[in-house]
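What follows is each chain in one-letter form.
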Amino acid sequence: MNEVKLQKVDDHRLPTAILGGSLAPDARSVVAACMDGIYTVDLDSGDYDQRYAHDSYASSAHWLADDVILSGGYDGRLEWFDLKNGKSLRQNQLHAFWSWETAIDPKAKHFASVTGQYLAGGYKYEPQGEREPSICVGSVETGEVFHRLPHIPSVQAVAFSPDGQFVAAGNLMGEVRVFEVSSGKLAATVKTPDFTSWGIIKSHCYLGGIFAMRFTPAGDELLLAGMGEMRDPMAGNGKQLWQKWKWDQGEPRLVDQIHDGEHGEGLMEALAIHPSGDFFAMGGRLRGGDWNVALFALDDGRRLTTLKTGYRVTTMHFTPDGSRLIVLGTQGQPKPEADGMIAPFGRAERYVLSGADG
Amino acid sequence: MAAGAASVASFNGLFSIPALAEETKRRGKKCILLWLCGAPSQFDTWDPKPGTATGGPFGAIATNLPGIQISSLMPRCATLMDKLAVIRSMSTKPNEHFQGIDALTRGDQPRPPFTRPILGSVVAQQLGQLDSPVPQFVLLDPCPEGNEFKAFKAGNWAGWLGAEYGPVRAGGDYGIPNIQQLDTISDGDHADREALRKFFSKKYENDYRSTAAASHNAAFDRVQGLMSCAPLFDLDSLPEADRERYGRGAFAQHALQARHLIENGSTFVMVANGMPWDNHVYQHEMHQMLVPELDNVMFQLVNDLDQRGMLDDTLVIAMGEFGRTPWLNDARGRDHYPTAWSLAMAGAGIRGGVVHGATDALGVEVIEGKVDNRNLFATIFQTLGIDPHEEYELPGLPTFHRVEDAAEPIREVLA
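Every chain's residues receive numbers from 1 upward, in the order its sequence appears when written. Each chain takes a letter, starting from A, and each ligand takes a number, starting from 1, following the order in which they are written. Reporting of local features is limited, given that this is a predicted model, to residues whose pLDDT is at least 70; pairs of side-chain atoms are given and counted only at 80 or more, and all residues count toward the totals for whole chains, interfaces and linings.

Concerning the overall build of chain A
- Along its length, chain A carries 0 helices and 30 strands.
- Using C-alpha atoms as the atom set, the radius of gyration is obtained and then compared with a globule rule of 2.2 Å times the number of residues to the power 0.38. Relative to its length of 358 residues, chain A is compact, with a C-alpha radius of gyration of 19 Å against a globular reference of 21 Å.
- Summarising its shape, the C-alpha atoms of chain A cover approximately 50 × 45 × 45 Å along the three principal directions.
- Here contacts are defined at the residue level, using C-beta atoms placed from the backbone and a cut-off of 7 Å between them. Once local pairs closer than 6 in sequence are excluded, the contacts in chain A between residues at least 24 apart make up 50%. In this description a helix means any DSSP run of H or I spanning at least four residues, a strand means any run of E spanning at least two, and both kinds are numbered starting from the N terminus.

With respect to the nonpolar core
- By definition, a nonpolar core groups buried Ala, Val, Leu, Ile, Met, Phe, Trp, Tyr and Cys residues that are joined through C-beta atoms within 7 Å. Each residue is classed by its C-beta neighbour count within 10 Å, where at least 20 other C-beta atoms makes it buried, 12 or fewer makes it exposed, and intermediate counts make it partly exposed; the C-beta atoms are placed from backbone geometry. By size, the foremost hydrophobic cluster in this structure holds 119 residues, and its most contacted members are B:L34 and B:V271.
- Here this core gets 11 residues from one element, more than from any other, and that element is helix α9 (residues 283-307) of chain B.
- When neighbours within four sequence positions are excluded, B:V271 is seen to be in contact with B:I32, B:L33, B:L34, B:W35, B:L140, B:F251, B:H254, B:A255 and B:A258.
- In terms of nonpolar packing, the next biggest core, distinct from the first, is built from 96 residues, A:A61, A:Y74, A:V137 and A:M316 among them.

Concerning unusual backbone geometry
- Backbone torsion omega between A:P153 and A:S154 reads -5 degrees, so that peptide bond is classified as cis.
- By the element assignment, A:S154 lies in the loop between β13 (145-149) and β14 (155-160).
- A cis amide bond links B:P112 to the next residue, B:P113, at an omega of 5 degrees.
- Mapped onto the fold, B:P113 is located in the loop between α2 (97-106) and α3 (119-127).
- The backbone of A:D67 shows a phi angle near 55 degrees, a positive value even though the residue is not glycine.
- By the secondary structure assignment, A:D67 is in the loop between β6 (58-64) and β7 (68-73).
- A:D67 gets classed as partly exposed once you count the C-beta atoms within 10 Å, which come to 16.
- One non-glycine residue, A:A108, lies in the positive phi region at around 55 degrees.

Focus on the sheet that holds β14(A)
Residue and element names in this part refer to chain A.
- Following DSSP output, two strands are said to pair if at least two bridges run between them. On the basis of which strands lie adjacent, the open sheet formed by 4 strands has the order β14-β15-β16-β17 and antiparallel pairing. Single-partner strands in this sheet number two, and they are β14 and β17 (186-191). Strand-to-strand twist across the sheet, computed as the mean angle between neighbouring axes with direction ignored, equals 15 degrees.
- The sheet contact formed by strand β16 (residues 175-180) and β17 spans 5 bridges and is antiparallel. Counted as the bridge partner of R177 is T189 from β17. Here an axis means a line fitted to C-alpha atoms, over the contact stretch when the element is a helix, while the angle between two N-to-C directions is reported on a 0 to 180 degree scale.

Looking at the environment of A:G174
All names here are of chain A.
- Summarising the element assignment, G174 is placed in the loop between β15 (166-171) and β16.
- Placed 20 residues apart in sequence, G174 and D194 show a C-alpha to C-alpha distance of 7.3 Å.
- Sequence-distant contacts of G174, defined by excluding residues within four places in its chain, comprise K191, T192, P193, D194, F195, T196, G209 and I210.

What about the interface of chain A and chain B?
- Each partner contributes to the interface: chain A provides 32 residues, whereas chain B provides 38 residues.
- All amino acids are sorted into three groups, where Ala, Val, Leu, Ile, Met, Phe, Trp, Tyr, Cys and Pro are nonpolar, Asp, Glu, Lys and Arg are charged, and the leftover types, Gly among them, are polar. Of the residues belonging to the side of chain A that touches chain B, the class tally is 16 nonpolar, 12 polar and 4 charged.

Comments concerning the sheet that holds strand β1 (residues 30-35) of chain B
Residues and elements named next belong to chain B.
- One open sheet holds the 8 strands; their spatial order is β6-β5-β7-β1-β8-β11-β4-β12, and the pairing between them is mixed. At either margin of the open sheet sits one strand with a lone partner, and together these are β6 (168-170) and β12 (354-356). Neighbouring strand axes in the sheet, compared pairwise and without regard to direction, differ in orientation by 15 degrees on average.
- Relative to β6, strand β5 (residues 137-140) runs parallel, the two sharing 3 bridges. In the strand pairing of β6, L139 is matched with R169.
- Running over the sheet, α9 touches β1, β8 (314-319) and β11 (341-346) and is turned about 170 degrees from β8.

Overview of the pairing of strand β2 (residues 18-23) of chain A
Residues and elements named next belong to chain A.
- For β2, the tally of buried residues reaches 5 of 6 residues, placing the bulk of the element in the interior.
- One ladder, built from 5 bridges, connects β2 with strand β3 (residues 29-34); its direction is antiparallel. For G21, the partnering residue across the bridge sits in β3 and is A32.
- Between β2 and β3, which pair antiparallel and follow one another directly, the connecting turn spans 5 residues, one of which, A27, has a positive phi of 65 degrees.

Quick look at the UniProt feature "repeat: WD" (unreviewed entry) in chain A
- UniProt marks residues 148-189 of chain A with the feature "repeat: WD" (unreviewed entry), using the numbering shown here.
- Between the end C-alpha atoms of residues 148-189 of chain A the distance is 17 Å, and the span holds 0% helix and 57% strand. UniProt positions are given in the numbering used here, feature names are shortened, and annotations may be inferred rather than shown by experiment.

Details of the domain arrangement of chain B
- Bear in mind that the domain bounds are from an automatic or database domain assignment. The domain architecture assigned to chain B consists of domain 1 (18-177 + 232-413) and domain 2 (181-229).
- The C-alpha centroid of domain 2 of chain B is placed 34 Å from the C-alpha centroid of domain 1 of chain B.

Here we look at the confidence of the model for chain B
Residues and elements named next belong to chain B.
- Confidence of the predictor at the level of single residues is captured by pLDDT, which takes values from 0 to 100. With 88% of its residues at a pLDDT of 70 or more, chain B has an overall mean of 88.
- For residues 1-17, every residue scores under 50 in pLDDT, and the model assigns this stretch 37 contacts once sequence neighbours within four places are set aside.
- Across the assembled chains, the prediction reports ipTM 0.95 with pTM 0.91.

Next comes the structure, spelled out in structure tokens:
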């Protein structure tokens, strides 16, 4: 592989934090899930429109065919919205608690949404069992939910396999459950303690877990992202961490993880796999070190290049032709001005890749 | 200066005379401080700002007070607001934990060399039954660390009142060891040994006017008391249904234990759990767990005290050392914010169904009824029947007052 480089070509601001989002089919716009609702953003001009709002933060959004948006929010609701006529097509109150994240399978046939509130279940704050099913899988076309699947709250990340046959959900405690989409049967369970911290310094509780997840292009491995263990979970100074797990044959096993000397500190909450299948991007917050977005080779895990964006990255997407990386995120929320207005702090950037095969 | 309440019970007889034991439990005002160290977000507890840029993701719900909302994370307290007084207009100065803890547990910022006693020590000294075998001031905190709270815990809690008014600490790994009488020693032998120790150490204390020996003797007296009331510190001895009802987390379990201690003669119990509320990162991920636990603890505790006829005499306070910023940082957290924050109280003469003060639309500034730590402590002392403005006449020191500058109590919340 040639040396890969990233060069920023666009830098746009949105009024509030972007927590999730996806690319339009033409790859020139994004739909952004923000604290105050769903926005579309023209990446060429930077123009944006607020299309609709959830009753709390919007946490994820997908741009389906025919300019229909499917979004999830911390109101526990999924919403289908028609951009052409500006109307809501369907609202589905899936969860009593948040929709932490949603995923759409590659054929846009199925959706999955994960939920769960971390509540104290034991003296040392072991998570309480679920009060509602943590994973909902349903039809994108009709909104019908055909699987409500169990996990241990909170379930924070979800992804479909490239062939759409499996859905994986990862939680606070570093447990990933992989289910067969057609039957809802549990196919595998990956358990990794490396993303979860139990507080020693400030208090006793669990924090962290898996914040982003992707199947590799072959579908036989899972990429997980988050932050390494900390003595004080509230310091946010765990190592920037990804792991790759072989999950589909026998006992799941750790194949690779971020290499020593290649990580700084901070929570990683975004993963994207390049269309070539040669490398992936991981991004999040910089707490210590000199990068918060980096590209890594998928075969041997070595770090290829890094970025220091100056803000927390929440979502990333490669364009279908592989030529660009779209980076979405947020700065810290500014203090309100005297008139009560708050300066824009959502961030959307576009980077051109050079040196990448394909 | 007011003297401490007279003893009503001897060490050996306290629990053997039912009428006296009952009187001991009922006598005087008491206090449970739910110490929310690290500082909770007022937005996600008592002062929600739904639908605003600073409101956070949790929303607000109606309460049993018309027109008053609190965070949707507190559905149980929403049914209890007629018994609570909520102060939404706390505005204090310290912006760092250690100084904030100092001001909100002692009532004021330091004025060296005077070390102001912590609230629990004052209440234990003023209202406690000093010869009671039951510790008058108990700190329940299972977390041995706690960042700045750890440093604070290592400091001088009782101030000029002296070590005997400091807390007995329990919770988690802080069991109280070696308070069971050895099987190999008879009661008589045990008493003889203690009498001999006491004779010599008291003689040394008197001969040399030794404050160190005095503290040592006070500690021994306390241990003697603890040996008689060890079951009070055994969480496993509490009814399983109560433990389930309060919740399984350490903070909830110790809140139940606090009720149990108050019922059985303690005067002041401070329930803490390290410094869990300091959510500079993972604000919403932590508050989704911590606030529901607090909600349930307040609900169970206040209702239990009420049903036992103890709420009129027992003050419950839930507060931290300040609040949290209206704006979110880039680590999904809120930072320290003493400018405008909230707390709640109930019982012991506090008027229920009151929400004092108000903040602006985004929760940035107090716009009505601004009060500070001095007003708060004047309120606490007033409702407990302790003179808020009493002078401390200490040798070689300027005159100090229990609450300085004649700060007024918050009249609106006093019944």
